[in-house]
Amino acid sequence: MKRSVLVVAAILLGIGAVAAQQDVIDQSHALMKANGRAMGGTLTPMVRGDKPFDQAAVDAALAALAESAAKMGALYPDSVKSVKQTADYVPSPKIWENRADFDAHIARFNAAVTEAKGKIKDLDSLKAALPGIGKACASCHETFRVKNS
Ligand code: HEC
């Protein structure tokens, strides 16, 4: 009797851990997709002239990016390191092999967003500031994101 209770508890704990891993993985992908919307759906189309400059939309996009920079560090815990993910892009094992460098990339991304926040007042200043953010995305992806095979 006692034993079967323990077995059930162990199974439930196991399921709980897997659900928690999946939850954090879902959050990391949702966060990156929000980054994609802020850049590819709002800021880049303004720079290209496909959408009119809109300060409120710029501010909302920058707020989303700042929130993303603040949350990102917690969304790649050791517990998800060996989980096989199914999205098109997945985290590189380098995140866990070289955590300090990954964290430094997050800090640089955060700094680029913070700097842009104080500077963007019109289309010209958006044009000047956006590449700094784009570079921070790209330089992290270069090292720490891989195409799923
Ligand atoms: C510090 C590292 C880092 C920064 C900075 C970063 N990303 Fe990512 N990005 C990743 C990793 C790792 C993945 C793959 C795993 C995931 O989606 O959680 C990813 C995946 C993505 C994806 C694919 C999402 C999916 O579900 O497959 C998009 C889109 C994306 N990033 C956009 C951006 C944009 C836009 C920025 C900048 C505004 C950005 N990212 C900044 C590390 C980063």
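Position numbers for residues start from 1 in each chain and track the written sequence from start to end. Totals for whole chains, interfaces and linings use every residue, but because this is a predicted model, local features are given only for residues with pLDDT of at least 70 and side-chain atom pairs only at 80 or more, for both listing and counting. Hydrogens and water molecules were not included; the side-chain quantities draw on all heavy atoms of the structure.

Asker: An account of the site of the ligand is requested, with residue identities and associated values reported.
Answerer: Being near a molecule or strand, for a residue, means having at least one of its heavy atoms within 4 Å of it. In the vicinity of the ligand, 25 residues are found, and the nearest of them are Met32, Tyr76, Cys137, Cys140 and His141. Counting of polar contacts relies on pairs of N or O atoms within 3.5 Å, with two restrictions inside protein: one atom must be capable of donating a hydrogen and the other of accepting it, and residues adjacent in sequence are counted only when both atoms are side-chain atoms. Between the ligand and Ser28 there is a distance of 2.8 Å, counted from an oxygen atom to a side-chain nitrogen or oxygen. In the environment of the ligand, an oxygen atom lies 2.8 Å from a nitrogen or oxygen atom belonging to the side chain of His29. Using only the protein atoms, space was sampled on a 1 Å grid; points where a 1.4 Å probe fits but cannot get out form cavities, open sets with protein on both sides within 12 Å along at least five of seven lines form pockets, and lining residues are those with an atom within 4 Å of a point. If over half the atoms of a molecule are within 2 Å of the grid points of a cavity or pocket, the molecule is regarded as sitting in it. The pocket occupied by the ligand, as judged from atoms lying within 2 Å of grid points, is the largest pocket. At the level of elements, α1 (2-48), α2 (55-72), β1 (89-91), α4 (99-119) and α5 (123-144) are the ones that each hand at least two residues to the shell around the ligand. Of the residues forming the shell around the ligand, the biggest block, seven residues, is contributed by α1. Comment: elements are numbered from the N terminus, with helices defined as DSSP H or I runs of at least four residues and strands as E runs of at least two.

Asker: Can you explain the coordination of the iron atom of the ligand? Please cite residues and give values.
Answerer: Listed donor atoms are N, O and S within 2.8 Å of the metal (Na, K and Ca: 3.2 Å). As water is not included, a site may look incomplete. The coordination sphere of the iron atom of the ligand, as far as protein atoms go, consists of Met32 (SD) and His141 (NE2), spread over 2.0 to 2.4 Å. Tetrahedral means four donors with every angle between 85 and 135 degrees, whereas square planar (four donors) and octahedral (six donors) require angles over 155 degrees between opposite donors and between 65 and 115 for all others; sites fitting neither are termed irregular. Bound by six donor atoms, the iron atom of the ligand shows angles of 86 to 179° at the metal and therefore octahedral coordination geometry. One end of the pair, Met32, is in helix α1; the other, His141, is in helix α5, with 109 residues separating them in the sequence. Working definition: with a 1.4 Å probe on protein chains only, accessible area under 20% of the residue-type maximum means buried, over 50% means exposed, and in between means partly exposed. Taking relative accessible area as the criterion, His141 reaches 26% and is therefore assigned partly exposed.

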